[in-house]
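Observations on the model geometry
What follows is the residue order along each chain.
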Amino acid sequence: MGPTLSLGSLVWLHRNFDKYKTAKQYNYEELRREAERTFPTIERVQRVQLVLLIFYGILVLAQAALYFNSQQCWIQIPPNVQSWSDFLLCIRRTRVCT
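This write-up is about the structure you can find in this document. No experiment lies behind these values; they were computed from the predicted model shown.

Inspection of the secondary structure puts G57 in helix α2 (residues 29-72). The spatial distance from the C-alpha of G57 to the C-alpha of R37 is 32 Å, given a sequence separation of 20 residues.

Where two aromatic rings form a pair, the distance of their centres and the angle of their planes describe that pair. Overall, the coordinates contain four aromatic pairs when judged by the stated rule. Aromatic pair Y20 and F39: ring centres 5.9 Å apart, planes at 75°, arrangement edge-to-face. In this pair, Y20 sits in helix α1 (residues 2-26) while F39 sits in helix α2, placing the two residues 19 residues apart along the sequence. With a centroid separation of 6.3 Å and 35° between ring planes, the pair formed by Y26 and Y28 is classed as tilted. On the basis of relative accessible area, Y28 is assigned to the partly exposed category, the value being 45%. An aromatic cluster of three or more residues is present, and its members are F17, Y20 and F39.

Before going further, it helps to examine α2. With 44 residues, α2 should cover 64 Å at 1.5 Å per step; its first-to-last C-alpha distance of 65 Å lies within 8% of that length. The inward-facing, buried residues of α2 abut α1. Taken from the residues just after α2, C73 is the one with a positive phi, measuring 55°.

Conventions and cut-offs
Residues numbered from 1 in each chain as written. Predicted model: local features only at pLDDT ≥ 70, side-chain atom pairs only at ≥ 80, totals over all residues. Heavy atoms only, no water. Helix = DSSP H or I, 4+ residues; strand = E, 2+ residues; numbered from the N terminus. Phe/Tyr/Trp six-rings, centres within 6.5 Å; stacked < 30°, edge-to-face > 60°. Buried < 20%, exposed > 50% of the residue type's maximum accessible area, 1.4 Å probe, protein only. Expected span 1.5 Å × (residues − 1). Contact = heavy atoms within 4.5 Å.

In structure tokens:
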């Protein structure tokens, strides 16, 4: 979703800026106003893209932390949390970190 938003907003911004330059060059007020109205919408889309990128980064870091914790057992998970997660994920296994 993020790369699609990035490419889409880049193309949208480029086309809108070309429209704005043409309107300024030839004094088309209606076209200039239309281009200026579109810039805030593009900015909002880019902000959503940034939020999605930050959320994705947090997910990747959390997944990496969980993986490395399963290898080294840095953080001890309480037994009730372990059994709750095993129940939800329908996992029947022995505990790795004890």
